[in-house]
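The residues making up each chain are set out below.
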Amino acid sequence: MIEYESLVNSNAAYMADLESAASRVIRGGWYVLGQEVGAFESEFAQYVGAKHCIGVANGLDALILTIEALDLPKGSEILVASNTYIATILAIVRAGHKPVLVEPDIETYNIDPANLMGAMTSKTRAICVTHLFGKSCRMDAIGEFASLHNLRLIEDCAQSHGAKLRGQMTGTFGDAGCFSFYPTKNLGAIGDAGAVVTNDDALADRLLYLRNYGSKQKYVNNYVGVNSRLDEIQAALLRVKLRHLDEMTQHKRAMAEIYFRDLPSWLNLPRRRDDEYDVFHIFGVRHARRDELRAWLLENGVKTEVHYPIPPHKQKAMQGTLSGDWPIADELHATELSLPISVGHTEIDIHAICGVLNKATLRFLQV
Ligand SMILES: *Cc1c(COP(=O)(O)O)cnc(C)c1O
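Everything quoted here is computed from the prediction, not taken from an experiment.

1. Examining unusual backbone geometry
Then, number 1: For the peptide bond that leads from H307 to Y308, omega is 10°, which places it in the cis range.
Then, number 2: Although it is not a glycine, R166 adopts a positive phi angle of roughly 50°.
Then, number 3: Mapped onto the secondary structure, R166 falls in the loop between strand 6 (164-165) and strand 7 (168-169).
Then, number 4: The class for R166 is exposed, based on a relative accessible area of 58%.
Then, number 5: At Y219, a residue that is not glycine, the phi angle is positive and equals roughly 65°.
Then, number 6: Within the element layout of this structure, Y219 appears in the loop between helix 7 (201-210) and helix 8 (232-242).

2. Here's the deal with the domain arrangement of the protein
Then, number 1: Taken domain by domain, the protein consists of domain 1 (7-102 + 110-242) and domain 2 (245-364).
Then, number 2: Taken over C-alpha atoms, the centre of domain 1 sits 25 Å from the centre of domain 2.
Then, number 3: Listed per partner, the contact involves 32 residues of domain 1 and 34 residues of domain 2.
Then, number 4: Interface of domain 1 and domain 2: buried area, both sides summed, is about 2900 Å²; carbon and sulfur atoms make up 60% of it.
Then, number 5: A per-residue breakdown of the area domain 1 buries against domain 2 is headed by F133, K135 and N186, which together make up 24% of the total.
Then, number 6: Counting the contacts that link domain 1 with domain 2 gives five salt bridges.
Then, number 7: For R138, the salt bridge goes to D275, with nearest N and O atoms at 2.9 Å.
Then, number 8: At the junction of domain 1 with domain 2, the criterion picks out 17 residue pairs in polar contact (both at pLDDT 80 or more).

3. Some points on helix 9 (residues 245-262)
Then, number 1: Along its 18 residues, helix 9 runs 26 Å from first to last C-alpha, staying within 8% of the 26 Å computed at 1.5 Å per residue.
Then, number 2: Along helix 9, the residues classified as buried are L245, M248, T249, K252, M255, A256, I258, Y259 and F260.
Then, number 3: For helix 9, the elements touching its buried residues are helix 3 (35-48), helix 8, strand 10 (276-277), strand 11 (283-286), strand 12 (336-339) and helix 12 (347-359).

4. Quick word on the side chain of T198
Then, number 1: Along the chain, T198 falls in strand 9 (residues 194-198).
Then, number 2: A relative accessible area of 2% means that T198 is categorised as buried.
Then, number 3: At 2.7 Å, the side chain of T198 and the backbone oxygen of D175 are in polar contact.
Then, number 4: Beyond its immediate chain neighbours, meaning those up to four positions away, T198 contacts A50, K51, H52, I54, D175, A176, L203 and A204.

Basis of the calculations
Residues numbered from 1 in each chain as written. Predicted model: local features only at pLDDT ≥ 70, side-chain atom pairs only at ≥ 80, totals over all residues. Heavy atoms only, no water. Helix = DSSP H or I, 4+ residues; strand = E, 2+ residues; numbered from the N terminus. Buried < 20%, exposed > 50% of the residue type's maximum accessible area, 1.4 Å probe, protein only. Domains from an automatic or database assignment. Contact = heavy atoms within 4.5 Å. Buried area = accessible area lost by both parts, 1.4 Å probe. Salt bridge = Lys/Arg side-chain N within 4 Å of Asp/Glu carboxyl O. Polar contact = N/O pair within 3.5 Å; in protein donor to acceptor, adjacent residues only side chain to side chain. Expected span 1.5 Å × (residues − 1).

This is the structure:
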């Protein structure tokens, strides 16, 4: 059986360094907001090419606190992709604003810049893009649109560590880039962790307060903050893996290359462009009979995932918040299938998966 992902395999190459990093923190006796967090923040800021990095507890908090820190008028409308992972939308609601959906480009799964104008009202104050599956959104067109209409621009980079557009890292195009280091992400901790990167001094300063009870000086509280700190042990573990992020990305890109070369033509593959450096957090293909194909793969020893089975506007939690018809989101959620692509997989695994899919041609060629 080829697993969709085994985190033991994904972390295997770094196990000894991870263990000694954790043990260094345990023996050091300083467990919250210490030198590991400080060191990770400067190393990650440097990696991304941003002036500041602020560690937080997880990716959802990175988004919520960033939106809060922008201090938009209550009830502002924020444009967001209709097919994003629910966290992006939850963050907008949690920060006291109204998510306004924008349909994606079906070829890239990312928010379609051509659809932004149709979603604008007098209350629109920001765009929150998601670089879904490890592909950068078209930040050239989106950035231009945002500055033309005076909108703040937030990037959900939870799936795009190291992804670039025209050589520029995701997370550096807008006001802030929000990262998750959930264990399965391209840079994954051994538990929950997150961070915000920004070039904006005032925004960075506000985030330092918000993550720690609204306080930068012990027992002095300037804002109504929360407790959302990046853990010292997680920071130490992330420092180990950050040193290997580029090689992990290269591994995923090499596996994607095999998929692009060897997958049968009856599968819809993600679009590629020369100026987009994709990091393949997820390798998402599409097929009209997705569920049948998924079952067939499982019978033939290949586990897959669906990202995601239910679109945000059809979630119970979003009744009363999101309404309307979102046919492209519906289509993506009905047809997307995620094939295994992780650091723990070998090229042999990927060849085997391609072999199984090519064997399925007679069965799935026709829709
Ligand atoms: C994982 C993810 C998040 C949330 O990150 P957590 O660390 O799990 O809170 C937000 N947005 C997207 C697109 C994600 O994939």
